[in-house]
Amino acid sequence: MEYYDCFAASYANARAKFLKSAVAAQTTVGGDVRSFVHPDKKAPDGGPLAIDVACFGNRKAAHQALFISGTHGQEGFSGSAVQIGWMNRGGPQRLPADAGVVMVHGLNPYGFAHFTRTTENNVDLNRNFIDRTGAAPTNPHYETLHGDLMIRQWTDAENARVDAAMARFTEAHGRDALFNTLASGQYLHPDGLMYGGKDREWSNRTLEAIVQETLEGAEKVAFIDWHTGIGDYGKPFFLCFNEAAGPLFAKACDWWGKENVDGVRPHGMERPNYTGLVFHGVQRFLGNREMCGAVIEFGTRGVNMRRVLRLDQWLRRQHGLDPDVRETLRADMMDAFCPFDGQWRQDTLASGLKLTDQALSGLSAW
């Protein structure tokens with residue numbers, strides 16, 4: 001199995017590869033493959049957008065795994081490759097009799113297909129899963145920065161202006177405060193970075209339906225949400241959101257190594273107070289049932305991803321941009337989220353398969 005058998009150049013091709021691998025596995029070991037088609041939006045070529053779900057193993061077992069790709073659109077290519085690789089390498093056939101796996105492919109199909117991080121409403125899906133019975137979280141520092149962060153033209157001078165504003169903020173409040181401000185989520189500016197949305201997105205509601213339908217009998221759930229960006233180039237970086245001093249956090253340390261999970265600092269800084277994560281949403285959907293796992297990132301450009309996030313948002317607002325300029329800038333953005341470098345893809349696929357097996361081994365022994 002070569003890495004290019006698992007990676008794809010477009011959402012449509014990634015989806016086709018996923019469904020082909022899922023159906024092939026289904027014919028040999030059984031299972032269930034379902035698609036939740038977006039009711040309103042289409043891919044750039046007019047094709048459907050869908051969250052595809054493949055289930056394998058014992059659907060009634062108390063031990064279940066939930067593996068998600070494409071929460072952030074462009075990052076879906078890497079997570080998709082791991083899911084496809086796991087199926088192609090015989091993962092469903094190796095499942096123990098007392099476990100099942102639910103793979104959710106392309107949780108944010110709009111972003112995946114349109115080469116953008118956010119949903120059709122410019123919502124960062126990984127900030128959309130807040131508990132909406134109360135007021136949305138606040139991010140007062142973001143209010144002071146929002147205007148300065150909005151790029152008017154994609155030029156070196158404009159980016160230097162934004163960098164200068166962030167430097168002034170850092171001088172006043174520190175690097176950790178800036179990171180928290182930019183990454184934790186904000187709920188007031190629909191055109192801004194890390195916008196968590198006024199309401200639940202279609203993908204949010206659909207994931208709840210998937211959890212209810214596929215994990216109804218689960219008592220213990222292993223969880224991975226695949227991402228890219230944070231960490232050393234081509235290396236996995238773990239963000240476990242189980243209670244740090246609790247037994248589930250300790251279990252994640254057992255699965256993937258305490259040195260990899262405990263006390264890690266993204267980009268060398270204090271972990272932001274992330275709000276509205278898919279991780280938290282799934283925990284809520286499961287009720288009082290136990291879930292152990294992590295957001296697993298594969299490193300790309302480190303803290304320089306800030307510039308790429310601004311580029312993503314700027315491209316979303318451009319209409320009538322010269323097609324060659326758009327494609328040139330999009331290529332740079334996509335290389336930041338899923339590097340075209342074959343060695344990066346080979347290494348992250350191998351790591352992803354290993355980490356998947358470690359989670360399933362830990363789940364079986366739980």
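Computed from a predicted model, the values in this text were never measured in an experiment.

Definitions and cut-offs
- Residues numbered from 1 in each chain as written.
- Predicted model: local features only at pLDDT ≥ 70, side-chain atom pairs only at ≥ 80, totals over all residues.
- Heavy atoms only, no water.
- Helix = DSSP H or I, 4+ residues; strand = E, 2+ residues; numbered from the N terminus.
- Buried < 20%, exposed > 50% of the residue type's maximum accessible area, 1.4 Å probe, protein only.
- Contact = heavy atoms within 4.5 Å.
- Pairing = 2+ DSSP bridges.
- Axes fitted to C-alpha atoms, helices over the stretch in contact; angles between N-to-C directions.
- Core = buried A, V, L, I, M, F, W, Y, C linked by side-chain atoms within 4.5 Å.

## A few points about the side chain of Thr-356
Stage number 1. In this structure, Thr-356 sits in helix α13 (residues 342–365).
Stage number 2. For Thr-356, a relative accessible area of 3% puts it in the buried group.
Stage number 3. Those residues in contact with Thr-356 that sit more than four places away from it in its chain are Phe-67, Val-82, Trp-86, Ile-224 and Trp-226.

## Examining the sheet that holds strand β5 (residues 220–233)
Stage number 1. Read across the open sheet, the seven strands follow the order β1-β2-β4-β3-β5-β7-β6; overall the sheet is mixed. Lying at the two open borders of the sheet, with one neighbouring strand each, are β1 (32–42) and β6 (236–239). Between one strand and the next, the sheet's axes are offset by a mean angle of 20°, whatever the strand orientation.
Stage number 2. Bridge count between strand β3 (residues 63–68) and β5: six bridges; the pairing is parallel. Among the inter-strand pairings, Ala-65 is bridged to a residue of β5, identified as Ala-222.
Stage number 3. Sitting on the sheet, helix α2 (residues 76–88) touches β2 (48–57), β3, β4 (99–105), β5 and β7 (290–299), and the angle it makes with β4 is about 140°.
Stage number 4. Packed onto the sheet, helix α7 (residues 202–214) meets β1, β2, β3 and β4 and runs at close to 160° relative to β1.

## Quick look at the nonpolar core
Nonpolar side chains in soluble globular proteins tend to end up buried together.
Stage number 1. Membership of the largest hydrophobic core comes to 76 residues, with the highest contact counts inside it found for Phe-56, Trp-86, Met-103 and Trp-256.
Stage number 2. Core analysis: the next-biggest nonpolar cluster, separate from the first, contains 35 residues, Cys-55, Leu-107, Phe-129 and Phe-237 among them.

## Description of the pairing of β5
Stage number 1. Buried residues dominate β5, accounting for eleven of its 14 residues.
Stage number 2. Pairing of β5 with β7, which is carried by eleven bridges, proceeds in the parallel orientation. Directly across from Lys-220, in β7, lies its bridge partner Glu-290.

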